[in-house]
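The primary structure of each chain is shown beneath.
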Amino acid sequence: MHISEGVLSPAILIGGAVVTMAGVAIGLKGVDNKDIPKMGILSAAFFVASLVHVPVGPASVHMILNGLLGFILGWKAFPAILVALGLQALLFQFGGITTLGVNTMNMALPAVICYYLFGWSTKSSIKQSVFITAAFASGFCAVLVSSILVGFCLYLTGEAFSPAAKLIVAAHLPVMIIEGIVTAACAVFLKKIRPELLEEINV
Amino acid sequence: MIEEINGYDSFIQRLDPRVKIIIAILFSVLAAVSNRFVVLIAALAVSIIILFSAGIKIKEVFKRLIPVNTLLVFLWLFLPFTFAGEHLFSIGSLTGTREGVLFAFRITIKSNSIMLMLITLAVSTPIFTIGHAMHQLGMPQKLVHLFFFTYRYLHVIYKEYTRLVNSMKIRGFKPKTDLHTYKSYAHLVGMLLVRGFDRSQRVHNAMICRGFRGKLYSLSSFSISRADIIAFILMAGFILILGILEWTKTT
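Residues numbered from 1 in each chain as written. Chains lettered and ligands numbered in written order. Predicted model: local features only at pLDDT ≥ 70, side-chain atom pairs only at ≥ 80, totals over all residues.

Remarks on the overall build of chain B
So, step 1. When helices and strands are tallied, chain B shows 9 helices and 2 strands.
So, step 2. Written out in order from the N terminus, the α and β elements of chain B read α-α-α-α-β-β-α-α-α-α-α.
So, step 3. For a compact globule of 251 residues, the expected C-alpha radius of gyration is about 18 Å, and chain B comes in at 23 Å, more than 25% above that figure.
So, step 4. Overall, chain B is about 65 × 60 × 30 Å in size when its C-alpha atoms are taken along their principal axes.
So, step 5. Here chain B holds 251 residues, and 33% of them are scored as buried.
So, step 6. A fraction of 75% describes how many contacts in chain B between residues 6 or more apart in sequence connect residues 24 or more apart. (Helix = DSSP H or I, 4+ residues; strand = E, 2+ residues; numbered from the N terminus. Rg over C-alpha atoms; globule rule 2.2 N^0.38 Å. Buried ≥ 20, exposed ≤ 12 C-beta atoms within 10 Å, placed from the backbone. Contact = placed C-beta atoms within 7 Å.)

Things to note about the overall build of chain A
So, step 1. Broken down by element type, chain A carries 9 helices and 2 strands.
So, step 2. The C-alpha radius of gyration of chain A comes to 16 Å, within 12% of the 17 Å expected for a compact globule of 203 residues.
So, step 3. Projected onto its principal axes, the C-alpha coordinates of chain A cover approximately 50 × 40 × 30 Å.
So, step 4. Within chain A, the proportion of its 203 residues that are buried is 60%.
So, step 5. In chain A, the share of contacts with a sequence separation of at least 24, taken over all contacts with a separation of at least 6, comes to 76%.

Overview of the domain arrangement of chain B
So, step 1. Under the domain assignment used here, chain B contains domain 1 (11–125 + 223–247) and domain 2 (140–209).
So, step 2. Measuring from the centre of the C-alpha atoms in domain 1 of chain B to the corresponding centre in domain 2 of chain B gives 35 Å. (Domains from an automatic or database assignment.)

Details of the packing of helix 4 (residues 58–82) of chain B against helix 5 (residues 98–124) of chain B
Geometry of a packed helix pair, given as the angle between the helix axes and the separation of the axes.
All names here are of chain B.
So, step 1. Remark: helix 4 packs on helix 5, axes separated minimally by 9 Å, with the N-to-C direction vectors making an angle of 165°. By the angle between their directions, the pair helix 4 and helix 5 is classed as roughly antiparallel. Relative to helix 5, helix 4 is oriented so that their crossing is right-handed. On helix 5, the residues that touch Val-61, Arg-64, Leu-65, Val-68, Leu-72, Leu-75, Trp-76, Leu-79, Pro-80, Phe-81 and Thr-82 of helix 4 are Gly-100, Val-101, Phe-103, Ala-104, Ile-107, Thr-108, Ser-111, Asn-112, Met-115 and Ile-119.
So, step 2. When its residues are assigned to classes, the contact of helix 4 with helix 5 shows 15 nonpolar, 5 polar and 1 charged. (Axes fitted to C-alpha atoms, helices over the stretch in contact; angles between N-to-C directions. Parallel < 35°, antiparallel > 145°, perpendicular 65-115°, else oblique. Left-handed = near helix turned anticlockwise from the far one by under 90°. Nonpolar A, V, L, I, M, F, W, Y, C, P; charged D, E, K, R; others polar.)

Observations regarding the pairing of strand 1 (residues 53–56) of chain A
When a strand is regular, its side chains alternate between the sheet's two faces.
Residue and element names in this part refer to chain A.
So, step 1. In terms of strand pairing, strand 1 meets strand 2 (residues 59–62) through 4 bridges, oriented antiparallel. Across the sheet, the residue bridging to Val-56 is Ala-59, located in strand 2.
So, step 2. Here strand 1 hands over to strand 2 after 2 residues, with Gly-57 in that stretch at a positive phi of 55°. (Pairing = 2+ DSSP bridges.)

Here's the deal with the interface of chain B and chain A
So, step 1. Residue-level contacts link 65 residues of chain B with 58 residues of chain A.
So, step 2. Of all elements in the fold, only helix 2 (17–33), helix 4, helix 5, helix 6 (127–136), helix 7 (141–170) and helix 8 (179–209) of chain B reach the threshold of two or more residues within the side of chain B that touches chain A.
So, step 3. The element best represented in the side of chain B that touches chain A is helix 8 of chain B, accounting for 17 residues.
So, step 4. Grouping the constituent residues of the side of chain B that touches chain A by class yields 44 nonpolar, 14 polar and 7 charged.

Details of unusual backbone geometry
So, step 1. Despite not being glycine, Leu65(A) shows a phi value in the positive range, around 60°.
So, step 2. Here Leu65(A) lies in the loop between strand 2 and helix 3 (66–73).

Let's talk about the packing of helix 8 (residues 173–193) of chain A against helix 8 of chain B
So, step 1. Close contact between helix 8 of chain A and helix 8 of chain B brings their axes to 8 Å; oriented N to C, the two are set at 50°. The pairing of helix 8 of chain A with helix 8 of chain B is recorded here as oblique in orientation. In the crossing of helix 8 of chain A with helix 8 of chain B, the sense of the turn from one axis to the other is right-handed. Facing Ile178(A), Ile181(A), Val182(A), Ala185(A), Cys186(A), Phe189(A), Leu190(A) and Ile193(A) of helix 8 of chain A, the residues of helix 8 of chain B in contact are Tyr182(B), Lys183(B), Tyr185(B), Ala186(B), His187(B), Val189(B), Gly190(B), Leu193(B) and Val194(B).
So, step 2. Its residues assigned to classes, the contact of helix 8 of chain A with helix 8 of chain B comprises 14 nonpolar, 2 polar and 1 charged.

Quick word on helix 5 (residues 100–118) of chain A
So, step 1. For helix 5 of chain A, built from 19 residues, the straight-helix expectation of 27 Å at 1.5 Å per residue is met to within 8% by its first-to-last C-alpha distance of 27 Å.
So, step 2. A maximum bend of about 25° is found in helix 5 of chain A at Asn106(A), where proline Pro110(A) lies one to four positions downstream. (Expected span 1.5 Å × (residues − 1). Bend = angle between axes of the 7 residues up to and from the residue.)

Quick word on the environment of Leu51(A)
Residue and element names in this part refer to chain A.
So, step 1. Here Leu-51 is to be found in the loop between helix 2 (36–49) and strand 1.
So, step 2. Judged by the 14 C-beta atoms lying within 10 Å of it, Leu-51 falls in the partly exposed class.
So, step 3. Residues Leu-51 and Ile-132, spaced 81 residues apart in sequence, show a C-alpha to C-alpha distance of 25 Å.

Regarding the nonpolar core
Most often, soluble globular proteins have nonpolar side chains that are buried together.
So, step 1. Counting 133 residues, the largest nonpolar core has Ala45(A), Ala77(A) and Leu118(B) as the members making the most contacts within it.
So, step 2. The greatest single-element share of this core, amounting to 14 residues, is contributed by helix 6 (residues 128–157) of chain A.
So, step 3. Two domains share this core, each providing at least three of its residues, namely domain 1 (11–125 + 223–247) and domain 2 (140–209) of chain B.
So, step 4. Discounting chain neighbours no more than four positions away, the residues touching Leu118(B) are Ala89(A), Gln93(A), Gly96(A), Ile97(A) and Ala24(B). (Core = buried A, V, L, I, M, F, W, Y, C linked by C-beta atoms within 7 Å.)

Remarks on the confidence of the model for chain B
So, step 1. Looking at chain B as a whole, its pLDDT mean stands at 85, while 95% of the residues score no less than 70.
So, step 2. Complex prediction metrics read pTM 0.90 and ipTM 0.89. (pLDDT = per-residue confidence, 0-100.)

Considering helix 8 of chain B
Because an α-helix packs 3.6 residues into every turn, residues spaced three or four apart end up facing the same way.
So, step 1. Taking 1.5 Å per residue as the helical rise, helix 8 of chain B with its 31 residues ought to reach 45 Å, and the 45 Å between its terminal C-alpha atoms agrees with that figure.
So, step 2. Looking at the residues trailing helix 8 of chain B, positive phi occurs at Gly211(B), about 85°.

Written out as structure tokens, the structure reads:
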């Protein structure tokens, strides 16, 4: 879901960069030196997860997992995603310098939104069925909001992009469902094996 | 899959990384906001010249341009038809417009010139050097640390991932479109996170044992040489001229 270089209008590039800077500033505020190895390794794990392709019928999609990231990191998802996307740009040239802000915003803002909407469900007093539903919703909504943001950025750049914007949201519908399932299964797994991963960083 | 290429000794490689980063950013911004074809083509030409003087293999460059250009193909498929303007050609009931084609063409030049510049930067500068240079350019220390850690553990976790996938394959796992597959992948990711988390605590403890106090030291120090100044003035001048060219279009 990267928006490529040279497509968006300057106003949107600046807007995205400003939102990202604000998000990163908020995210970094709560970061202690002892959190950094943890965050770095998590953001590396998400980087690797985004290289994993999951089959959907004859095609395949790669995982995004920004819903899960928001669940675990909250506002810290902003610096984590910025760094992961920056490295993707340097290593694979997926996205470049001027779109880094917009692309980070499109991924990290939904993560933060999901954290506020569904983050409460990680408490141990919450019933398992509610937890699974919330985790599914988190994975689903994160991709939904991301694709809407991408579509919106394109639409604001030019009316000519509106069919493409709609197509992007529609094409991500199967991805949303898969992300929901994977996020739910992964959250349940983490809660069973290492519940402190969901709780400890999530302050 | 995660690989870096560098080691080509060239004039570009020996430049101060801070100069390279500033130039790459200024250049990218210029290319992203410009609309005049003269400016864009000049920018593309310069990015190609710089790329060649960095001595990168052409095959490698093409390989790295594939992801951008697959996206561009997608844009070419619909932009000529959705843009309002002068009739240029038609396929069936669809009419392509001149403006649409020009717009798609403009985006193609922009993307490729920005990407070529980024490739030159990425190939001629080791990632750790980029991190230190960004710190000196005012990036917050915590963000730089995060950048280093992520990069350092990318390879470790990727190795772990391939190991887990292999062990799944040995047990007869074949990915299909079903719940079992998605669950298996979810557990794979979960396992990566759990192991990564454990590893991060060991790493942190080891760092504390060695006296880590929130500061990383670089063995190499940067210094501005005459070549850096000349390169900077040349490129900044060039970017300025293109900027003026672009800006005077409307007046």
